[in-house]
Amino acid sequence: MKNGFREDFLWGGATSASQIEGGYSEGGKGLDTSDCRPGNFGIPRMDKIKWKNRLMTTSKYERALKTEGNDIYPFRWGSDHYHRYKEDIGLLAEMGIKIYRLSISWARIYPNGDEQTPNKDGLEFYKNIFEECKKHGIKVYCTMLHYSIPVHLIEEYGGWQNRKMIDFFLKYARTLLEEFKDYVDIWLPFNEINAGMFHPYNGIGLVLDDKYADMEDPFIDSRQKIYQALHHQFIANALTIKIAKEIDPKIQMSCMIAWFCPYPATCNPDDVLLAYQEQQYECLFYTDVMSRGEYPRYMKSYFKKHNIKIEMLPEDEEILKTYTSDMVSFSYYFSSVATNDENWEKTDGNLKRAKVNPYIERSQWGWQKDPKGLRITLNWLYDRYQKPLFIAENGLGAADELEADGSIHDPYRIEYLRNHFSAMRDACEDGVDLLGYTMWGVIDLVSCGTIEMRKRYGTIYVDADDEGNGTFNRYKKDSFYWYKKVIASNGQDLE
Ligand code: BG6
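This one's a predicted model, so the numbers in the text were calculated from it and none came from an experiment. (Residues numbered from 1 in each chain as written. Predicted model: local features only at pLDDT ≥ 70, side-chain atom pairs only at ≥ 80, totals over all residues. Heavy atoms only, no water.)

Undergrad: Looking at this model, I keep getting lost on the overall build of the protein. Mind explaining?
TA: A tally of regular secondary structure across the protein gives 18 helices and 14 strands. The C-alpha radius of gyration of the protein comes to 21 Å, within 12% of the 23 Å expected for a compact globule of 495 residues. Seen through its principal axes, the protein has C-alpha atoms that stretch 60 × 55 × 50 Å. For the protein, the residues scored as buried account for 62% of the 495 residues in total. Within the protein, contacts between residues separated by at least 24 positions form 76% of all contacts whose residues are at least 6 apart in sequence. Just so you have it, the protein exposes about 19000 Å², and 48% of that area is on carbon and sulfur atoms. A gap of 2 Å separates the mean positions of the 62 positive and 75 negative side-chain charges of the protein. (Helix = DSSP H or I, 4+ residues; strand = E, 2+ residues; numbered from the N terminus. Rg over C-alpha atoms; globule rule 2.2 N^0.38 Å. Buried < 20%, exposed > 50% of the residue type's maximum accessible area, 1.4 Å probe, protein only. Contact = heavy atoms within 4.5 Å. Areas by Shrake-Rupley, 256 points an atom, 1.4 Å probe, with all protein chains shown as cover. Lys, Arg positive; Asp, Glu negative; His and termini not counted. Charge placed at Lys NZ, Arg CZ, Asp CG, Glu CD.)

Written out as structure tokens, the structure is:
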């Protein structure tokens, strides 16, 4: 059998600080935006994705800050990785991963975000994690901001709408680059930067008035603020690259988007055009700025048409043009369908609802499982940017069962991964330069979209339920042994 993967292909696993660490007030950590997202247990699965239940509204936010009411905050305990990181990295090493993608919690390093000096305990915590990785020969892919902004920066400055955030972020980024440059192989300033549009609380720290909770499009009045905040993130991204390259030109910097993959619902040119434009506005705009270094013309006309005015400093365009990413990363979970037909059946997906494709099966959470879409995506992005690609997230969220003997049988996950790996191999054989793959939530963690433990992605099971009951002990799923075999054979053995 042919094997298209590069010899040094980076097989790995990914997590984020807010979803896995817990220990939310330990080691001097400040409160961050994820710590304030309450669980919505008891709500039927398909209702959880309604904006009413997902949006961060003023009243929810105020309750979280005061810890009033009966709300429960699952990101505050995560998977208790804060206390178990040694065991976790040991398990990842046993599985043979080549690279671990993790994120740093900004509020562990700068608890309020605007201090002058970093928190030593926070730096120590990550240094210990990196040392463990080094001990096991695991490379590191480090995300600087994955949906966890110190709440003080929201309270005091209004989050990313404020240009001052660029300086706070750069101070944080410089600290990380200087402290950890010898441990990290790939740096990513912003996880899924387009989340700012689809989940503005997570992406840019936008809290909305309660009146928006029942609206079909709660961001209708906020587009101007969101695009302005995104501009600040683009500049912060570019200037982080500047700092990194000044420290050492060999430092590898990535950018990242969540990829949605819309297909035209029919060959009606209206559907084809709509699919094309969704791809531009929802995904490519972001990588065009960060990888090509300028606002694309279609976005400039979109802004004009919608009367959106981005405030820029005279030097901004030059900054974006000069400091572009070395590679392009993306998350890929599902594909969708583009149609103007309002009555088209809808289902859930990562960060946004999707329209149903009758040819594609769905996960228990309604996400459309589409390995061929991954091959298409890889070809698409490589053709456009001609830079190495990295699949920073992909995986299957499912309700696994822990058996009495400690085993977990997850053939559905193995099948999902097998099909996606085979599509990746095909894309490599198409000539795409794919550097690596980090399976999302390789150790079970709290779901970001639906804030629950029940939706599990890992090859390593964590014995905890939605409300944080359980031993938090780790167990290897069948997929653990399967992925180990895949890695050992560099993707040759997918049986
Ligand atoms: C991505 C995020 O959007 O999707 C992760 O970067 C998230 O943080 C992942 O966990 C899967 O989504 P969910 O909602 O199933 O956790």
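Undergrad: For this particular structure, what's the right way to read the pairing of strand β1 (residues 10-14)?
TA: Sheet faces and side chains relate simply in a regular strand, where the side chains alternate between the two faces. Burial within β1 is extensive, with 5 of its 5 residues counted as buried. Alternating positions in β1 separate into two faces, L10, G12 and A14 on one and W11 and G13 on the other, with burial throughout.

Undergrad: I keep staring at the sheet that holds strand β5 (residues 252-259) and nothing clicks. Help me out?
TA: The strands making up a sheet associate through backbone hydrogen bonding, with each pair oriented either parallel or antiparallel. Pairing is parallel in the closed barrel, where 8 strands are placed in the order β1-β2-β3-β4-β5-β7-β11-β12. Going across the sheet, the axis of each strand differs from the next one's by a mean of 25 degrees, ignoring polarity. As paired elements, strand β4 (residues 186-190) and β5 share 2 bridges and run parallel to each other. By the bridge assignment for β5, W187 is matched with M253. (Pairing = 2+ DSSP bridges. Axes fitted to C-alpha atoms, helices over the stretch in contact; angles between N-to-C directions.)

Undergrad: Is there a simple way to think about the site of the ligand in this case?
TA: Of all residues adjacent to the ligand, which total 15 residues, the nearest are Q19, E192, G449, K455 and Y457. Contact between the ligand and N350: an oxygen atom at 2.8 Å from a side-chain N or O atom of the residue. The side chain of Y457 places a nitrogen or oxygen atom 2.5 Å from an oxygen atom of the ligand. Counting atoms within 2 Å of the grid points, the majority share of the ligand lands in the largest cavity. Tallied by class, the residues present in the shell around the ligand amount to 6 nonpolar, 6 polar and 3 charged. (Near = heavy atom within 4 Å. Polar contact = N/O pair within 3.5 Å; in protein donor to acceptor, adjacent residues only side chain to side chain. 1 Å grid on protein atoms, 1.4 Å probe; cavity = no way out; pocket = protein on both sides within 12 Å on 5 of 7 lines; lining within 4 Å. Sits in = over half its atoms within 2 Å of the grid points. Nonpolar A, V, L, I, M, F, W, Y, C, P; charged D, E, K, R; others polar.)

Undergrad: What is the right way to read the packing of helix α7 (residues 120-135) against helix α9 (residues 164-180) from this model?
TA: For any two helices packed against each other, one specifies the crossing angle of their axes together with the interaxial distance. Here α7 crosses α9 at 45 degrees, and the two axes come no closer than 11 Å. Comparing their axes, α9 and α7 come out oblique. In this structure, α7 meets α9 at a crossing whose hand is right-handed. On α9, the residues touching L123, Y126, K127 and F130 of α7 are T175, E179 and F180. Class assignment of the residues belonging to the contact of α7 with α9 gives a composition of 4 nonpolar, 1 polar and 2 charged. (Parallel < 35°, antiparallel > 145°, perpendicular 65-115°, else oblique. Left-handed = near helix turned anticlockwise from the far one by under 90°.)

Undergrad: Help me understand the packing of aromatic side chains in this model?
TA: Here the distance between the centres and the angle between the planes together describe a pair of aromatic rings. Scanning all chains against the criterion turns up 45 aromatic pairs. Plain terms: the ring middles of W11 and F421 are 5.1 Å apart, the flat faces sit at 65 degrees to each other, and that makes the pair edge-to-face. Remark: F421 occurs in helix α17 (residues 411-429) and W11 occurs in strand β1; sequence separation between them is 410 residues. The class of W11 is buried, set by a relative accessible area of 0%. We classify F421 as buried; its relative accessible area is 0%. Summarising the aromatic geometry, the rings of F421 and W482 are spaced 5.7 Å apart at their centres and angled 15 degrees between planes, so their arrangement reads as stacked. (Phe/Tyr/Trp six-rings, centres within 6.5 Å; stacked < 30°, edge-to-face > 60°.)

Undergrad: Just to check I follow, could you spell out the pairing of strand β3 (residues 139-145) for this structure?
TA: In terms of burial, β3 is largely enclosed, as 6 of its 7 residues are buried. As defined by bridge partners, strand β2 (residues 99-103) adjoins β3 across 5 bridges and the pair is classed as parallel. Note that in β3 the partner of Y100 across the bridge is V140. Of the strand pairs in this sheet, β3 and β4 are connected by 4 bridges, and their pairing is parallel. Each bridged residue has a counterpart across the sheet, and for L145 the counterpart in β4 is F190.

Undergrad: What is the right way to look at helix α13 (residues 269-292) in this model?
TA: Helical geometry note: an α-helix holds 3.6 residues per turn, so side chains three or four residues apart project in the same direction. A rise of 1.5 Å per residue sets the reference length of α13, with its 24 residues, at 34 Å; its end C-alpha atoms lie only 28 Å apart and thus fall more than 12% short of the reference. Roughly 55 degrees is the biggest bend found in α13, and it falls at L284. Of the residues flanking the start of α13, the one acting as N-cap is N268, its side-chain oxygen 2.8 Å from the backbone nitrogen of D270. Where α13 terminates, the next one or two residues include G293, which has phi positive at roughly 90 degrees. (Expected span 1.5 Å × (residues − 1). Bend = angle between axes of the 7 residues up to and from the residue.)

Undergrad: Looking at this structure, how should I read the side chain of D32?
TA: Tracing the sequence through the fold places D32 in the loop between α1 (17-20) and α2 (45-48). Polar side-chain contacts of D32 include one of 3.0 Å to the backbone nitrogen of S34. Excluding residues within four positions of it along the chain, D32 makes contact with S105, A107, S148, I149, P150 and V151.

Undergrad: How should I be thinking about the pattern of salt bridges in this particular structure?
TA: Pairing between side chains becomes possible if they bear opposite charge and their charged atoms approach one another. Tallied over the entire structure, the rule returns 33 salt bridges. Between R223 and D217 there is a salt bridge whose closest N-O contact spans 2.8 Å. Accessibility expressed as a relative area gives 26% for D217, which makes it partly exposed. When salt bridges with common partners are traced through the structure, they connect D400, D410, R413, D444, R456 and K477 into a single cluster. (Salt bridge = Lys/Arg side-chain N within 4 Å of Asp/Glu carboxyl O.)

Undergrad: Would you mind showing me how to read helix α4 (residues 58-66) here?
TA: When we look at burial in α4, the residues that qualify are K60, Y61 and A64. The arc that holds the buried residues of α4, viewed along the axis, is 95 degrees, so those residues lie on one side. Its buried side turned inward, α4 meets α3 (51-54), α8 (151-157) and α11 (200-204). T67 sits one or two positions beyond α4 and adopts a positive phi of about 45 degrees. (Arc of directions from axis to C-beta.)

Undergrad: I would appreciate a short explanation of the nonpolar core in the present structure.
TA: In a soluble, globular protein the nonpolar side chains are often hidden away together inside. Formed by 154 residues in total, the largest nonpolar core has its most connected members in W106, W160, Y227, M424 and Y483. The greatest single-element share of this core, amounting to 12 residues, is contributed by helix α12 (residues 223-247). Grouped together as the second largest cluster of nonpolar side chains are 10 residues, I99, L188, F390 and L435 included. (Core = buried A, V, L, I, M, F, W, Y, C linked by side-chain atoms within 4.5 Å.)

Undergrad: What am I meant to see in the layout of surface pockets here?
TA: Rolled over the atoms, a probe as big as a water molecule pinpoints where empty space is left. In this structure, the largest pocket encloses a volume near 1400 Å³. For the largest pocket, the lining is made up of 39 residues, of which F198, D217, R223, E282 and K352 are closest to its centre. Counting residues per element, the ones that place at least two in the lining of the largest pocket are α3, α10 (195-198), α12, α13, β8 (336-338) and β10 (354-355). The element best represented in the lining of the largest pocket is α13, accounting for 6 residues. Around the second largest pocket, the lining comprises 13 residues; the ones closest to its centre are E294, Y295, K300, M312 and E317. (Points joined across faces, edges and corners; volume = space filled by probe spheres on them.)

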